[in-house]
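Spelled out, the chains give:
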Amino acid sequence: MGLARAEAADAAKVPLSLTVLPRDASVLLNGALVGRGSTLIEYCPSTAAVLEVEAEGFARERIQLDGLQPPERTVALHRPLRW
């Protein structure tokens, strides 16, 4: 019974509320599109995951989700400097 409980805890997913700018940016979790713009995602804190936010004309933001994260996060993409 203890092993089953530990396996269930390892597989548990928790929510992460994302506020994303620009509003039409793509949100990817481990390479899979999970939404556009501000969205609610679920991730497993016991397994490392990669969150990416991208939009045309903006620098991509890549965030490593390893362990439990704060329940809310804001990702504001920036335009790359061009000289």
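Here, every reference points to the structure presented above.
**With respect to the side chain of Glu 52**
In this fold, Glu 52 is placed in strand E5 (residues 49-54). On the basis of relative accessibility, which here comes to 10%, the residue Glu 52 falls in the buried class. A polar atom in the side chain of Glu 52 sits 3.0 Å from the side chain of Arg 60. When sequence neighbours within four positions are dropped, the list of residues in contact with Glu 52 reads Ser 26, Val 27, Leu 28, Arg 60, Glu 61 and Arg 62.

**Quick look at the sheet that holds strand E2 (residues 26-29)**
Adjacent strands of a sheet pair through backbone hydrogen bonds, lying either parallel or antiparallel. Strands sit in the order E3-E2-E5-E6 across an open sheet of four strands; the sheet is antiparallel. A strand with exactly one partner marks an edge of an open sheet, and here the two such strands are strand E3 (32-36) and strand E6 (61-65). Mean inter-strand twist for the sheet, computed between neighbouring axes without regard to direction, equals 25 degrees. Both E2 and E5 contribute to a ladder of four bridges, which runs antiparallel. Across the sheet, residue Leu 28 finds its bridge partner in E5, namely Glu 52.

**What to know about the packing of aromatic side chains**
As enumerated under the stated definition, the model contains zero aromatic pairs in all. One Lys or Arg, Arg 79, reaches over the ring of Phe 58 and ends 4.2 Å from the middle of that ring.

Thresholds, definitions, all that
Residues numbered from 1 in each chain as written. Predicted model: local features only at pLDDT ≥ 70, side-chain atom pairs only at ≥ 80, totals over all residues. Heavy atoms only, no water. Helix = DSSP H or I, 4+ residues; strand = E, 2+ residues; numbered from the N terminus. Buried < 20%, exposed > 50% of the residue type's maximum accessible area, 1.4 Å probe, protein only. Polar contact = N/O pair within 3.5 Å; in protein donor to acceptor, adjacent residues only side chain to side chain. Contact = heavy atoms within 4.5 Å. Pairing = 2+ DSSP bridges. Axes fitted to C-alpha atoms, helices over the stretch in contact; angles between N-to-C directions. Phe/Tyr/Trp six-rings, centres within 6.5 Å; stacked < 30°, edge-to-face > 60°. Lys NZ or Arg CZ within 6 Å of the ring centre and 35° of its normal.

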